[in-house]
Amino acid sequence: MTCLPGKYLEESSLNIDFICPIQKVFLKDVNTYIDYKMYIVPSSTAYGLSEKLASILSADISEVERKRFPDNEMYVRVKEDISGQDVMVIGNTKNDSDLIEYLLLLNAVREEDPKSLTAIIPYFGYARQHMRYHSGEPISSKVFTEAISEYADRIISVELHNDQTIKYSKVPFINIKIMNPIYQYFKNGDIDYIISPDDGGYERARNLANKLGVESYYINKKRINSNTVQMDLPNVNYKNKNVLLVDDIISTGGTIIRASQMLKDRGVNQIGVCAVHGIFAGNSDKKISDIATNLIVTDTIESKYSKITIAGEIASALLNKIRA
Ligand code: R5P
């Protein structure tokens, strides 16, 4: 996507608050240029994505100093003067140290009194504990959403595991669904079926299949007890078919590895695997690659399998929000 000042100015009735965030924009009615900057403050988990987003938005990336104190506590410092500016802090909250870095960056920006602060969290960790499953447990996603919304004016995240997390926020929270970039990646592929490894993810698989004009199914996943999960493949012809498994997260890889193995045992020709978030705990990427023909994830968590970028989707959400 490109940033078109003329278009945004027309739609915005020349209200400067609504202007496309490019560094210099042309106000055709008053025949002048004004300076307008948007800053991205990247956490160490999102450099690549920050660069892509900066290039789409013509935003500046702020330098961040990071070090550890002698007792190993984390230190960060945003080196740009961002007071009075529109600032986005981009980073994941996958690991505990990612979370600490992210919260420190948010506070560092807030203390500088920016014009606005948008928290962009491509992969929102701890979102799978969005409720209490047993007494005595915390609601982890509530803890971190509340903390983030103390500092941010708005939060943007991508394909949260469950929408319940949004409800814990005290500020507007946009949960972007990534469909178009995935469709663009696979639109010329030779795929017979799209399969979701469980019924919870079937809507995603069905939407993609509808766009691609192929059939879609889901695997019936049933928990038998705390150690055993039963997975039953839909009853269709797999012999020499090309199947794409689509899921939201690959964490330990257990779900996808088992589904891929079952498909292989049924004589599938090519097994593609695509997920929005690739965590790949415990070298599960290697185990998946041993069975599947293709392993593709987006760059919400950057890895060598990140062949699909979500930068355009984040830019659209951001510009729509700024103009709203
Ligand atoms: C389950 O509800 C999710 O959609 C994923 O299938 C699951 O979180 C993947 O986890 P793992 O890779 O550990 O099997």
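Given the structure is predicted, the values throughout are model-derived calculations rather than measurements.

Chemist: I'm lost on unusual backbone geometry in this one. Help?
Modeler: Negative phi is the rule for most residues except glycine; trans is the rule for most peptide bonds. Positive phi outside glycine occurs at N72, with the angle close to 80°. Turning to its location among the elements, N72 is positioned in the loop between β5 (64–68) and β6 (74–78). If you check the backbone angles, F280 has positive phi at about 55° while not being a glycine. For F280, the position within the fold is in the loop between β16 (270–278) and α9 (284–291).

Chemist: Explain the site of the ligand here, please?
Modeler: Taken together, the neighbourhood of the ligand is formed by 13 residues, with I249, S251, T252, G254 and T255 sitting nearest. Residue assignment for the shell around the ligand shows that the elements contributing at least two residues are β15 (242–250) and α8 (254–265). Among the elements that line the shell around the ligand, the one with the most residues is β15, at four residues. Among the residues making up the shell around the ligand, the classes are represented as three nonpolar, seven polar and three charged.

Chemist: How should I be thinking about the environment of I176 in this particular structure?
Modeler: On the secondary structure map, I176 appears in strand β10 (residues 173–176). Residue classification places I176 among the buried positions, given that 20 C-beta atoms sit within 10 Å. Here the alpha-carbon distance between I176 and I314, two residues 138 residues apart in the chain, equals 7.5 Å. If near-sequence neighbours (up to four positions away) are discounted, I176 is found in contact with I156, V158, E313, I314 and A317.

Chemist: I'm lost on the sheet that holds strand β8 (residues 116–121) in this one. Help?
Modeler: Strand pairing in a sheet takes place through backbone hydrogen bonds and is either antiparallel or parallel in direction. Spatially, the six strands line up as an open sheet ordered β4-β3-β7-β8-β9-β10, and their pairing is parallel. The open sheet has two free edges, formed respectively by β4 (60–61) and β10, since each of these has just one partner strand. Two strands pair when backbone bridges link them, and strand β3 (residues 38–42) and strand β7 (residues 86–90) are joined in this way by five bridges, in the parallel orientation. The residue bridging P42 from the neighbouring strand is I90, located in β7. Taken strand by strand, helix α2 (residues 47–57) contacts β3, β4 and β7, and its axis lies near 175° from that of β3.

Chemist: Please explain the nonpolar core as it appears in this structure.
Modeler: Side chains that are nonpolar tend, in soluble globular proteins, to be buried together. Counting 82 residues, the largest nonpolar core has L53, V89, L106 and I314 as its most contacted members. When neighbours within four sequence positions are excluded, L53 is seen to be in contact with I40, A59, I90, A311, I314 and A315.

Chemist: Help me understand α2, please; the structure alone is not making it clear to me.
Modeler: A turn of α-helix holds 3.6 residues, and therefore any two residues three or four places apart point the same way. Here α2 has its buried residues at L49, S50, L53, A54 and L57. Here the buried residues of α2 occupy an arc of 135° about the axis, which is enough to place them on one side. Residue S58 follows α2 closely and has a positive phi angle near 50°.

Chemist: Any chance you could explain the packing of helix α3 (residues 96–111) against helix α4 (residues 140–151) here in plain terms?
Modeler: For any two helices packed against each other, one specifies the inter-axial angle together with the distance between the axes. One way to put it is that α3 packs onto α4 with a least axis distance of 9 Å and a crossing angle of 20°. The angle between α3 and α4 falls in the class roughly parallel. Between α3 and α4 lies a crossing of left-handed hand. Of the residues in α4, those touching α3 at L99, L103, L106, N107 and R110 are F144, A147, I148 and Y151.

Chemist: Explain the pairing of β7 to me, please; I cannot follow it from the model alone.
Modeler: Look at any regular strand and the pattern is simple: side chains alternate between the two faces of the sheet. The element β7 is largely enclosed, with a buried count of five among its five residues. The alternating pattern of β7 places D86, M88 and I90 on one face and V87 and V89 on the opposite face, and all of these are buried. With five bridges joining them, β7 and β8 adopt parallel strand pairing. What sits directly across from D86, in β8, is S116. A crossover connection joins β7 to the parallel β8 through α3; in handedness this β-α-β unit is right-handed.

Chemist: For this particular structure, what's the right way to read α3?
Modeler: Look at α3: 23 Å from first C-alpha to last across 16 residues, which is about the 22 Å you get at 1.5 Å a residue. Taken residue by residue, α3 has L99, E101, Y102, L103, L105, L106 and V109 as its buried positions. In this structure, the buried side of α3 is in contact with β3, β6, β7, β8 and α4. Phi for D113, located one or two positions after α3, is positive at around 60°.

Rules used in this analysis
Residues numbered from 1 in each chain as written. Predicted model: local features only at pLDDT ≥ 70, side-chain atom pairs only at ≥ 80, totals over all residues. Helix = DSSP H or I, 4+ residues; strand = E, 2+ residues; numbered from the N terminus. Near = placed C-beta within 6 Å. Nonpolar A, V, L, I, M, F, W, Y, C, P; charged D, E, K, R; others polar. Buried ≥ 20, exposed ≤ 12 C-beta atoms within 10 Å, placed from the backbone. Contact = placed C-beta atoms within 7 Å. Pairing = 2+ DSSP bridges. Axes fitted to C-alpha atoms, helices over the stretch in contact; angles between N-to-C directions. Core = buried A, V, L, I, M, F, W, Y, C linked by C-beta atoms within 7 Å. Arc of directions from axis to C-beta. Parallel < 35°, antiparallel > 145°, perpendicular 65-115°, else oblique. Left-handed = near helix turned anticlockwise from the far one by under 90°. Right-handed = clockwise from strand over helix to strand, strands pointing away. Expected span 1.5 Å × (residues − 1).

This is a description of form; function is not addressed.
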